[in-house]
Every structure is written in C-alpha cells, then in structure tokens.
Amino acid sequence: MMKFISSTAQIQSALACLCIAASLFGVTQAQAETVQTVRIAVAHYSDQTLPYFQKMAKEFNKTNPGITIKIEEVNWDNLQQKLQTDISSGTNPDLSIVGTRWLLDLVKDDVLEPLAGHMTAPFKDRFIGEFLNSGNINGQVYGLPIAASARGLYYNKIMLKNAGFPNGPKTWDDVFAASKKIKANGAYGFGLQGKEIETEVYWFYALWSQGGTIIDANGKAVFDSAAGIKAASMYKELINQGLTQPGVTSYSREDVQNLFKQGRVAMVITAPFLAKQIQKENPALQYGVTAVPGDVASATYATTDSLVMFKNSKVKAAAWKFADFLFSKAPRVTFTSSEGFLPTTKEEASDPVFADDVTKEFIGFLPTAKFPPVIAGWEDLSKILSNALQSIYLGKTKPDVALKAAAAQTNHVLKK
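Calculation criteria
Residues numbered from 1 in each chain as written. Predicted model: local features only at pLDDT ≥ 70, side-chain atom pairs only at ≥ 80, totals over all residues. Heavy atoms only, no water. Helix = DSSP H or I, 4+ residues; strand = E, 2+ residues; numbered from the N terminus. Buried < 20%, exposed > 50% of the residue type's maximum accessible area, 1.4 Å probe, protein only. Contact = heavy atoms within 4.5 Å. Areas by Shrake-Rupley, 256 points an atom, 1.4 Å probe, with all protein chains shown as cover. Phe/Tyr/Trp six-rings, centres within 6.5 Å; stacked < 30°, edge-to-face > 60°. Pairing = 2+ DSSP bridges. Axes fitted to C-alpha atoms, helices over the stretch in contact; angles between N-to-C directions. Parallel < 35°, antiparallel > 145°, perpendicular 65-115°, else oblique. Left-handed = near helix turned anticlockwise from the far one by under 90°. Nonpolar A, V, L, I, M, F, W, Y, C, P; charged D, E, K, R; others polar. Expected span 1.5 Å × (residues − 1). Arc of directions from axis to C-beta. Core = buried A, V, L, I, M, F, W, Y, C linked by side-chain atoms within 4.5 Å.

Asks: What am I meant to see in the overall build of the protein here?
Replies: Scanning the protein from terminus to terminus reveals 18 helices and 13 strands. Reported as C-alpha extents along the three principal axes, the dimensions of the protein are approximately 110 × 50 × 40 Å. Within the protein, buried positions represent 51% of all 416 residues. Residue pairs in contact within the protein that sit at least 24 positions apart in sequence constitute 76% of those at least 6 positions apart. With an accessible surface of roughly 19100 Å², the protein has 54% of that area assigned to carbon and sulfur atoms.

Asks: Is there a simple way to think about the packing of aromatic side chains in this case?
Replies: When we look at a pair of aromatic rings, we describe it by the centre distance and by the angle of the planes. Tallied over the entire structure, the rule returns 29 aromatic pairs. Where Phe 273 meets Phe 341, the ring centres are 6.2 Å apart and the plane angle is 90°; that geometry is what we call edge-to-face. Here Phe 273, found in helix α12 (residues 273-281), pairs with Phe 341, found in the loop between α14 (329-339) and α15 (346-349); they are 68 residues apart in sequence, far enough to count as distant. Considered together, Phe 273 and Phe 341 belong to a single accessibility category, that of buried residues. A network of ring pairs unites the aromatic residues Tyr 45, Tyr 52, Phe 53, Trp 76, Trp 102, Phe 273, Phe 335 and Phe 341 as a single cluster.

Asks: For this particular structure, what's the right way to read the sheet that holds strand β7 (residues 152-156)?
Replies: Paired through their backbone hydrogen bonds, the strands of a sheet run either parallel or antiparallel. The strand order across the open sheet built from four strands is β8-β9-β7-β10, with neighbouring strands paired in mixed fashion. Edge positions in the sheet fall to β8 (188-190) and β10 (287-290), since each has one partner strand and no second. Strand after strand, the sheet turns through a mean of 25° between neighbouring axes, direction not considered. Judged from the two bridges that link them, β8 and strand β9 (residues 265-270) form a sheet pairing that is parallel.

Asks: How do you make sense of the side chain of Thr 359 when you look at a structure like this?
Replies: By the secondary structure assignment, Thr 359 is in helix α16 (residues 357-365). With relative accessibility at 11%, the residue Thr 359 sits in the buried group. If we ignore the near neighbours within four places in the chain, the residues touching Thr 359 are Leu 342 and Phe 354.

Asks: For this particular structure, what's the right way to read the packing of helix α17 (residues 378-393) against helix α18 (residues 399-414)?
Replies: Two quantities define a packed helix pair, namely the angle between the axes and the distance from one axis to the other. For the pair α17 and α18, interaxial distance at closest approach is 9 Å and the crossing angle is 165°. One element, α17, and the other, α18, form an angle in the roughly antiparallel class. As for the relative orientation of α17 and α18, their crossing is right-handed in sense. Residues Asp 380, Leu 381, Ile 384, Leu 385, Ala 388 and Ile 392 of α17 form the contact with α18, whose participating residues are Pro 399, Ala 402, Leu 403, Ala 406, Gln 409, Thr 410 and Val 413. Counted by class, the contact of α17 with α18 contains 10 nonpolar, two polar and one charged residues.

Asks: Is there a simple way to explain helix α2 (residues 49-63) in this structure?
Replies: For α2, built from 15 residues, the straight-helix expectation of 21 Å at 1.5 Å per residue is met to within 8% by its first-to-last C-alpha distance of 22 Å. Listed as buried for α2 are Thr 49, Tyr 52, Phe 53, Met 56, Ala 57 and Phe 60. End-on, the buried residues of α2 take up no more than an arc of 135°, which puts them together on one face. Every exposed residue of α2 that faces more than 90 degrees away from the buried side is listed here: Lys 55, Lys 58 and Lys 62. Elements in contact with the buried residues of α2: β1 (36-44), β2 (67-75), β3 (95-99), β6 (144-149), α13 (316-326) and α14.

Asks: Sorry, what's going on with the nonpolar core here?
Replies: The nonpolar side chains of a soluble globular protein tend to be buried, and buried together. Judged by nonpolar contacts, the single largest core of 73 residues is most densely connected at Tyr 154, Phe 190, Trp 203, Phe 223, Tyr 235 and Met 267. With near-sequence residues (within four places) excluded, Trp 203 lies in contact with Phe 223, Gly 228, Ala 231, Ala 232, Tyr 235, Leu 385, Leu 389, Tyr 393 and Leu 403. With 53 residues, the next largest nonpolar core counts Phe 53, Ile 69, Val 111 and Phe 322 among its residues.

Asks: Would you mind going over helix α10 (residues 226-240) with me for this structure?
Replies: Residues separated by three or four positions in an α-helix point in the same direction, a consequence of the helix having 3.6 residues per turn. When the terminal C-alpha atoms of α10 are compared, their 20 Å separation across 15 residues agrees well with the 21 Å that a helix rising 1.5 Å per residue should span. Just beyond α10, the residue with positive phi is Gly 242, at close to 70°.

Asks: Would you take a moment to explain the sheet that holds β2 for this structure?
Replies: With mixed pairing, the five strands of this open sheet are ordered in space as β2-β1-β3-β12-β6. If you trace the sheet from one side to the other, it starts and ends with β2 and β6, each paired once. When the angles between neighbouring strand axes are averaged without regard to direction, this sheet yields 25°. Taken together, the nine bridges between β1 and β2 define a ladder with parallel strand orientation. The residue of β2 that forms the bridge with Ala 41 is Glu 72. Packed on one face of the sheet, α2 meets β1, β2, β3 and β6 and runs near 170° to β2.

Below, the structure is given as structure tokens:
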C-alpha cells in the first residue's frame with residue numbers, strides 16, 4: 001500500500017513539473033510571438049557607421065527586450081537605387097536614411113509615413129529649427145535630420161603661408177594666385193572634383209560666389225546665366241593652367257580629399273568630416289579651414305540626410321521608439337562626433353565635444369548656407385549637370401553651350 005502511495009505521489013509530482021514546464025513554455029512562446037523586428041537601412045558614411053548602429057541597437061534592446069533592431073548598411077551611391085527596388089517589391093525596411101533631397105519624390109510616390117502623429121511637442125523642440133524644417137514637405141514632416149553638414153575650404157597651412165596667404169584664400173583671385181605659386185613648388189593648388197556624387201555641388205560654390213542660382217522662384221533651371229558661365233569658365237581655366245590635379249574627371253570627392261590628406265594638394269572644399277579623417281590618418285598635417293571663396297557673394301552648401309519611416313511598415317510604434325532613442329542626446333553626440341557631422345539638436349550642440357575650432361568654423365558658415373532646392377527630379381538635374389560639367393572639364397564643349405543645353409534638358413524634365 002505504501003509503495004502505491006509513493007508511486008502516486010511521484011506521478012503527481014511529475015505531472016506538476018510538466019504543468020509548470022508547459023506553463024513556462026507557453027510564456028516563452030508568447031514572448032517570442034510578441035518580439036517585433038524593426039529593419040533600418042543606414043548609409044555607409046565611414047568605417048564607424050555600422051559599429052555605431054549595432055551598438056545603438058544593443059543599447060536600445062536592453063530597455064526594450066520586445067524589439068529587435070536589424071541593421072542593413074548600404075553604400076551611399078547604391079542606396080537610392082536599392083530603396084527604389086525594394087519599395088517596388090514591397091521588401092523595403094521600416095526605417096531608412098535617405099538624402100533629404102529625395103524626400104519630394106518619395107512623398108510624391110506616397111511611400112513615406114507622415115511623422116506629425118508620432119512627434120510630441122518636446123520631441124520637436126529638441127531640434128535646431130532650420131534642420132528640422134529641411135524634412136518638411138507641403139507642411140508635413142517626413143524626415144528627421146540624422147546627418148548635417150556645411151562646406152568650407154580646407155587649406156594646407158604651410159603651402160598657403162609660403163604662397164603668401166597664411167589665413168587661406170578669401171576670393172577666387174586669391175585661389176588662382178596661391179595655386180600658381182604652389183604649382184611652381186611642385187604641388188597641386190586647388191583640388192577639383194569631377195566624378196561621381198556631388199560633382200555638380202562642387203561647381204555650385206563658384207556659381208553662388210558669382211551671384212548665380214540653380215533654380216528660380218518658378219522652379220525653372222537658370223544655372224546657364226552669365227554667372228553660371230563665368231563660374232564654369234573659371235574652373236576650366238584652373239584646369240587649363242595646371243592649377244588643379246590632372247584628370248579631374250577621374251577624381252571623386254573621396255579621391256580629392258585623399259590628395260589633401262596626403263599633402264599633395266593645397267586646397268579642397270568639403271565637409272566637416274574631413275577633419276575626423278585627418279585626425280585619424282595624418283594627424284601631423286597642419287591645416288586650416290576658412291569660408292568658401294567669395295566674389296560677388298559668399299555662400300556655402302548645407303545639406304542634411306533624413307531618417308524616414310515607410311508607410312507600409314507593420315511595426316510603426318516600435319520603429320518610432322527606436323527613432324526617438326536615436327535622437328536622444330547620448331546617441332546623437334556619439335554619432336555626430338564620430339562621423340564628423342554638425343549637430344542638429346540643441347542638447348548635442350551644447351556638448352563640450354563640439355567646442356573644437358573646426359566645428360565652430362563650420363557652424364559659423366551656416367548663416368550663408370544654401371540648401372538644395374526642394375524639387376521633384378533633383379537627381380535628374382544632378383546627373384544632367386554633372387555630365388555637362390565633365391564635358392566642359394574635358395574640353396569637349398564650351399561652358400556656355402554645355403550649360404544652356406543642360407538647362408534646356410533639365411527644364412524639359414521639370415516640365416518648365
């Protein structure tokens with residue numbers, strides 16, 4: 001009898017254990033079912049980009065165990081095409097970094113989520129006004145300014161001092177004069193980009209300095225004005241006189257920056273992130289930063305990249321939660337300072353890490369900053385104009401002919 005009771009007790013104990021195990025399994029299974037995966041596509045800015053987002057995903061997951069963040073890094077030159085392909089097939093991520101200049105086309109295609117319903121007043125107040133406004137299309141915010149930069153002229157202090165311009169050039173006449181002396185000493189004076197992304201932007205600096213503009217108030221391309229022709233002729237003259245590196249149409253932005261880091265070219269116009277690269281790759285290089293040369297006017301190029309949410313996302317609340325986290329102070333300071341961008345939020349701007357001279361210089365350029373025009377078809381304009389400039393640089397077409405043809409082609413695309 002005792003043996004029977006013992007066996008019954010054992011059976012009851014085993015059943016109880018099975019019930020507990022089943023209960024625990026049910027909880028684990030339920031938890032697994034509630035875990036949401038948020039996919040985010042990020043542009044490759046540097047070797048720091050992917051590690052940063054991977055670290056942020058882990059940090060976020062500590063306080064949000066029900067949300068898994070999947071990072072997909074894409075080279076910048078391929079990002080727009082990849083997104084277009086993924087959107088067409090319905091396989092796009094939930095969040096993505098995009099060029100802010102792409103927003104109008106994406107909004108026109110009705111694939112972006114308006115963010116007003118997700119943003120609180122305190123969230124909006126985090127931002128430096130003009131940067132948040134850059135993601136505003138037709139009164140709706142569709143993009144958050146995740147990366148921002150302006151442009152300045154980097155100069156090799158030793159080369160420019162020897163050329164008689166210890167504080168860098170102030171006008172394009174100064175650039176010519178300094179470059180001639182630098183050429184005589186066996187180096188290249190002015191680094192000119194003529195290949196890949198931002199080839200047209202590199203020419204905008206000269207265009208704006210002559211008082212020209214890209215698009216008028218009616219949305220018509222007017223870069224073929226007298227100012228535009230003079231700007232293109234000026235760049236072509238720099239090439240003709242051997243004051244740039246040879247073969248400018250073979251040099252991308254990165255290529256020109258590398259020449260400067262190597263001490264082979266004395267001047268280059270680019271963004272704050274070059275300072276970070278110099279610090280890492282050639283800390284002994286003595287350089288300064290000054291405003292883009294001005295003649296009739298003085299202007300710099302300012303740009304932002306935006307973080308957007310796609311309308312077809314099935315995990316919008318979770319995706320917004322991660323976006324909110326990325327725009328809190330600590331993640332912003334880490335990202336902006338490591339990549340060499342400018343602050344876009346008030347709290348990060350007040351952090352001591354941005355008190356260095358280079359960042360202050362670029363922030364000082366913002367009052368004269370010009371943002372890309374918000375027009376549908378901007379990428380078409382960029383390609384048309386880049387092709388025209390390459391033709392000018394190679395000596396295949398005269399500046400006035402090339403620019404007038406490019407403007408006509410652009411206005412056809414823009415239906416103006």
